[in-house]
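Tertiary structure, described
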Number of protein chains: 2
Amino acid sequence: MSQVSFGLDTTGATRLEAYLHAHIPLVRSMQVRVDHWDADGLRLSAPLAANLNHEGTAFGGSLESLAVLAGWGLLWLLLEPQPGTHIVVAESHARFLRPVTGTLEAFCPLPDAAVRQTFLETLQRHGKARLDLQSRIVLHDQVCVTFAGRFAAHRAEPHAP
Amino acid sequence: MSQVSFGLDTTGATRLEAYLHAHIPLVRSMQVRVDHWDADGLRLSAPLAANLNHEGTAFGGSLESLAVLAGWGLLWLLLEPQPGTHIVVAESHARFLRPVTGTLEAFCPLPDAAVRQTFLETLQRHGKARLDLQSRIVLHDQVCVTFAGRFAAHRAEPHAP
C-alpha cells in the first residue's frame, strides 16, 4: 500500500518526537521514541530500563502512557496541517494481558479513510470532534496490552456559527 | 472513625513511598509522594511541573500512572504483612473530565471491610484473588479524573492444593 496514496507526510515522525520531548517532561524520562509513521499507523517505543516496575517488567503507568501517546500522536500527525487544534484524551480503557519483559513497543493503527474523513469534516463544521483509537503493546508478536482511547479535538479559535 | 479499629498500620505510608521510589524509576521522575494512609484510604500526590503536558496542564499518562499507583499502593499496604504476594494491574478504565491545572492529587478509598475480607480469604484459599478499586484525581474539590482498576494478587510460592 503506497504511503503517497494516503496523502500522509511520513516525515512527521521526526517532528512529533521533537514536539513530545520538548513539551512533556515524562516523555523524556520514559525515553520515548517515534519509530515509524506511515499508512499502517504510528509506532512508538521506549526502553525497558527507564520504565521498570518492582517486578523487573514494564510499569503499568508507562504502558498506559505509551499507549495514550500512540493515539494522541497519531491525531497530532493527522491534524498537523491545521495549527491551533487542541487534542486531549477523554477516556481510556486498558487490558494488561501479559507482562512486558523487553522494549515497550506501542502501535496505533491508522483508522479507515472514511472514519478519518468523518472526523475531519465534523471538526471543520463544528470546531470539535471525537475519535476512538485502539493501540496495543506487542512483544515478540504477542499482544501484551490492549488500549482503547477516546480523543477529543477542538479548535482554539471560535468557529463560525 | 478510629484508625486502630481497622487494624491498619498507618506508618506504612513512609515505607510505601520508599518502596515505590526504590523500584520504579518513573515514580522518581514524577516525584510521587505518599501523603496519607488511614481508614479512609490512600492519598498520593505529584507536582504539576514534573508532569506537564503540551497544554501546561497535567499529562494524561501521569494522571493514569498516579491513579494506578493509588490502587496498587493501597493493595500493597493491605498485603504488606504477607511477604511474597505479587500485585499487578489487570485492567483499567479512566475518564478525563477536566484538565488538572495544579498539583496532581489521587485518592483511592479503602474498600469496605467485607470486600477486604473476601479478597484476603480468596487469596488465602486459592493463592490468587482480584480486587476492583476506584481512585480519582481531585483539584479544589472537583473530580478531574475517575479511574477504575482491576488488580490481581497472587502468591509467589505454590499453595497447597
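If you're wondering where the values come from, they're calculated on a predicted model, not measured in any experiment. (Residues numbered from 1 in each chain as written. Chains lettered and ligands numbered in written order. Predicted model: local features only at pLDDT ≥ 70, side-chain atom pairs only at ≥ 80, totals over all residues. Heavy atoms only, no water.)

1. Quick notes on the overall build of chain A
Rules: Each helix corresponds to a stretch of at least 4 residues labelled H or I by DSSP, and each strand to a stretch of at least 2 residues labelled E; elements are numbered beginning at the N terminus. Note on method: radius of gyration uses C-alpha positions; expected globular size equals 2.2 Å times residues raised to 0.38. Charge assignment: positive for Lys and Arg, negative for Asp and Glu; neither His nor the chain ends contribute. Here the site of a charge means NZ on Lys, CZ on Arg, CG on Asp, or CD on Glu.
A count of helical and extended segments in chain A gives 4 helices and 6 strands. When its helices and strands are written in sequence order, chain A yields α-α-β-β-α-β-β-α-β-β. At 16 Å, chain A has a C-alpha radius of gyration in line with the 15 Å of a compact globule built from 161 residues. Projected onto its principal axes, the C-alpha coordinates of chain A cover approximately 55 × 35 × 25 Å. If the 13 positive side-chain charges of chain A are averaged to one point and the 15 negative ones to another, these points end up 5 Å apart.

2. Focus on the pattern of salt bridges
Basically, it comes down to this: Should a side-chain nitrogen of Lys or Arg be within 4 Å of a carboxyl oxygen of Asp or Glu, the pair is scored as a salt bridge. Exposure categories follow from relative accessible area, calculated using a 1.4 Å probe and restricted to protein chains: below 20% of the type maximum is buried, above 50% is exposed, and the middle band is partly exposed.
Evaluation of the coordinates by the stated rule reveals 8 salt bridges over all chains. One salt bridge in this structure joins Glu91 of chain A and Arg95 of chain B, with 3.5 Å as the shortest N-O distance. Here Arg95 of chain B lies in strand E3 (residues 85-96) and Glu91 of chain A lies in strand E3 (residues 85-96), a pairing that spans two chains. The class of Glu91 of chain A is partly exposed, set by a relative accessible area of 22%. The class for Arg95 of chain B is partly exposed, based on a relative accessible area of 39%. We note a salt bridge from Asp132 of chain A to Arg150 of chain A, for which the minimum N-O separation is 2.7 Å. Of this pair, Asp132 of chain A sits in strand E5 (residues 128-139) while Arg150 of chain A sits in strand E6 (residues 142-155), and the two are 18 residues apart along the sequence. A relative accessible area of 33% places Arg150 of chain A in the partly exposed class.

3. Some remarks on the nonpolar core
Counted only if it meets this: Working definition of a nonpolar core: buried Ala, Val, Leu, Ile, Met, Phe, Trp, Tyr and Cys residues. They are joined through side-chain atoms within 4.5 Å. Whether two residues are in contact is decided by their heavy atoms, any of which lying within 4.5 Å being enough.
Core analysis: the biggest nonpolar cluster contains 100 residues, and Leu66 of chain A together with Leu66 of chain B have the highest contact counts within it. Those residues in contact with Leu66 of chain A, other than ones at most four positions away along the chain, are Met30, Val32, Leu44, Ser45, Ala46, Leu104, Glu105, Ala106 and Ile137 of chain A.

4. Thoughts on the interface of chain A and chain B
A common way to state how big an interface is: give the accessible area lost once the parts meet. Operational definition: For any pair of parts, buried area is found by adding up, for both, the accessible area (1.4 Å probe) each one loses once the two are put together. Two N or O atoms count as a polar contact when they lie within 3.5 Å, although within protein this holds only if one can serve as hydrogen donor and the other as acceptor, and sequence-adjacent residues are included solely when both atoms are side-chain atoms. All residues other than Ala, Val, Leu, Ile, Met, Phe, Trp, Tyr, Cys, Pro, Asp, Glu, Lys and Arg, Gly among them, are scored as polar; the first ten of these are nonpolar and the last four charged. Two strands are said to pair when DSSP picks up at least two bridges between them.
Listed per partner, the contact involves 34 residues of chain A and 33 residues of chain B. Of the roughly 2700 Å² buried between chain A and chain B, counting both surfaces, carbon and sulfur atoms make up 59%. Contact with chain B buries area across many residues of chain A, yet Leu26, His54 and Phe59 of chain A alone supply 23% of it, more than any other trio. In this assembly, chain A and chain B are joined by 2 salt bridges. At the junction of chain A with chain B, the criterion picks out 13 residue pairs in polar contact (both at pLDDT 80 or more). Sort the elements by how many residues they give to the side of chain A that touches chain B and E3 of chain A lands first, with 10 residues. Residue composition of the side of chain A that touches chain B, grouped by class: 18 nonpolar, 12 polar and 4 charged. Pairing analysis gives 5 bridges linking E3 of chain A to E3 of chain B, with the strands arranged antiparallel. Following the sheet pairing, Ala94 of chain A is matched in E3 of chain B by Ser92 of chain B.

5. Considering the relation of the copies chain A and chain B
Applied cut-off: A residue counts toward the fit only if its pLDDT is at least 70 in both copies, and the copies are then superposed by least squares on the C-alpha atoms of those residues.
Superposition record for chain A on chain B: RMSD 0.0 Å, screw rotation 180°, translation along axis 0.0 Å. The superposition operator between the copies reduces to a two-fold rotation axis. Of the C-alpha atoms belonging to chain A, the one lying closest to the rotation axis is found on His93 of chain A, 2.2 Å away. Here 97% of the interface residues in chain A have copies in chain B that are interface residues too; the copies meet face to matching face.

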